Amino acid sequence: MQLHIANNLVQLPKISPQSLLEDIYEKNLSEDEHLREHTLRLMSLIYSNLGNNQKAIAFAKEALDLCIKNYGGEHIETLNAKYNLATCYSNAGQYDNAIELGKEAYELGIKYSAPRKILIMNDIASNYYNLDDYKSGMYWAKKAVDESISTLGEKDILTLGSQNTLSNFYIT
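Think of each chain on its own: its residues are numbered from 1, step by step along the sequence as written. Side-chain atom pairs in this predicted model are given and counted only at pLDDT of 80 or more, local residue features only at pLDDT of at least 70, and totals for whole chains, interfaces and linings cover all residues. Here the side-chain values reflect all heavy atoms present in the structure, with hydrogen atoms and water set aside.

This part is about the overall build of the chain. Helix and strand assignments follow DSSP, with helices taken as H or I runs no shorter than four residues and strands as E runs no shorter than two, numbered in order from the N terminus. A count of helices and strands for the chain gives 8 helices and 2 strands. In sequence order, the secondary structure elements of the chain are arranged as β-β-α-α-α-α-α-α-α-α. Only protein chains enter the area calculation, which uses a 1.4 Å probe; residues under 20% of their type maximum are buried, those over 50% are exposed, and those in between are partly exposed. In the chain, which comprises 172 residues, the proportion classed as buried is 38%. In the chain, the proportion of contacts linking residues at least 24 apart, taken out of those at least 6 apart, comes to 55%. Per-residue and other accessible areas were derived by the Shrake-Rupley procedure at a 1.4 Å probe size, with only the shown protein chains allowed to occlude residues. Here the chain has roughly 9800 Å² of accessible surface; of this, 53% comes from carbon and sulfur atoms. Any two residues having at least one pair of non-hydrogen atoms within 4.5 Å are treated as being in contact.

Tracing the sequence through the fold places S162 in helix 8 (residues 157-171). Sequence spacing of S162 and K142 is 20 residues, and the spatial spacing of their C-alpha atoms is 8.0 Å. Contacts of S162, omitting those with residues within four sequence positions, involve I118, N122, A144, V145 and S148. What qualifies as a polar contact is a pair of N or O atoms within 3.5 Å, subject to a donor-acceptor requirement within protein and to the restriction that residues adjacent in sequence count only when both atoms come from side chains. Among the polar contacts listed, one links the side chain of S162 to the side chain of N122, at a separation of 2.9 Å.

Once that is clear, we can look at the nonpolar core. Among the nonpolar cores identified, the biggest contains 21 residues, and Y106, I120, M121, I124 and W140 are the most heavily contacted of them. Listing elements by their share of this core, those giving two or more residues are helix 4 (76-91), helix 5 (95-109), helix 6 (114-130), helix 7 (134-152) and helix 8. Among residues more than four places away in sequence, those in contact with I124 are I99, G102, K103, Y106 and W140. Residue types Ala, Val, Leu, Ile, Met, Phe, Trp, Tyr and Cys, when buried and joined through side-chain atoms within 4.5 Å, form a set referred to as a nonpolar core.

A helix is expected to span 1.5 Å multiplied by its residue count minus one. With 19 residues, helix 3 (residues 53-71) extends 26 Å from end C-alpha to end C-alpha; this agrees with the ideal 27 Å at 1.5 Å per step. Just downstream of helix 3 lies G72, where phi reads positive at about 95°.

As a further point, take the packing of aromatic side chains. When the centres of two rings from Phe, Tyr and Trp lie within 6.5 Å, Trp using its six-membered ring, the rings pair. Their planes under 30 degrees apart give stacked, over 60 give edge-to-face, and anything left gives tilted. One pass over the full model with this rule turns up 6 aromatic pairs. A centroid spacing of 5.6 Å and a plane angle of 20° characterise the contact between Y47 and F59, whose relative ring orientation is stacked. Of the two residues, Y47 sits in helix 2 (residues 33-49) while F59 sits in helix 3, which places them 12 residues apart along the sequence. Ring geometry for Y139 against W140: centres 5.6 Å apart, planes inclined by 90°, an arrangement best described as edge-to-face. Judged by its relative accessible area of 47%, Y139 falls in the partly exposed class. Through successive ring pairs, a cluster of aromatic residues spans Y106, Y139 and W140.

Between its first and last C-alpha atoms helix 5 spans 20 Å; for 15 residues at 1.5 Å apiece the expected length is 21 Å, and the two agree. Listed in full, the buried residues belonging to helix 5 are A98, I99, L101, G102, A105, Y106, L108 and G109.

What follows deals with the packing of helix 3 against helix 4. With their axes 9 Å apart at the nearest point, helix 3 and helix 4 run at an angle of 165° to one another. Judged by the inter-axis angle, helix 3 sits roughly antiparallel to helix 4. In this structure, helix 3 meets helix 4 at a crossing whose hand is left-handed. Judged by residue contacts, N53, A56, I57, A60, K61, A63, L64, C67, I68 and Y71 of helix 3 engage E77, T78, A81, K82, N84, L85, C88, Y89 and N91 from helix 4. Any residue that is not Ala, Val, Leu, Ile, Met, Phe, Trp, Tyr, Cys, Pro, Asp, Glu, Lys or Arg is counted as polar, Gly included; the first ten are nonpolar and the last four charged. In terms of residue class, the contact of helix 3 with helix 4 is made up of 12 nonpolar, 4 polar and 3 charged. Axis geometry follows a simple rule: fit a line to the C-alpha atoms, using only the stretch in contact for helices, then measure angles between N-to-C directions, giving values from 0 to 180 degrees. Any angle that is under 35 degrees is reported as roughly parallel, and any over 145 degrees as roughly antiparallel; angles of 65 to 115 degrees are reported as roughly perpendicular and all others as oblique. Helix crossings get a hand from a simple test, with the near helix turned counterclockwise from the far one by less than a right angle marking a left-handed crossing and a clockwise turn marking a right-handed one.

Before going further, it helps to spend a moment on unusual backbone geometry. If you check the backbone angles, D132 has positive phi at about 60° while not being a glycine. In this fold, D132 is placed in the loop between helix 6 and helix 7.

Structure representation (structure tokens):
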């Protein structure tokens, strides 16, 4: 790739997104475990979006382990790490694992914000949908709609998203 800077042509090295990520990861292997945990979580999301689910799950598991070690099992960062790993499992088609971890995140999320719980409930519903377990999925989708309406109102974007998730079960 070439780049023009102040009328000078600069040749940039060809680098794959994966090697760039590995370089970022290696440089962030700090002794600061909080920075390491955030880097691991970011790496898991990036690899998941690139479709490299094995690496995404490995990074997400390591991030969750660090969260539990550093914050304990009840902290919001642990909730975020569980939700992140559940998302990685879902993206990998491991819906049973995603549901199990999603339910753990939901139980932990009860004491935190309504939007977080609603997102988790919608994801659990979607994972049940992907397993063709429409009864269980509809239960979680209805629960998300009820929570959305009661805490955020009928016109909130999360309420509309929850209603959309629920509508998928009626279409099927």
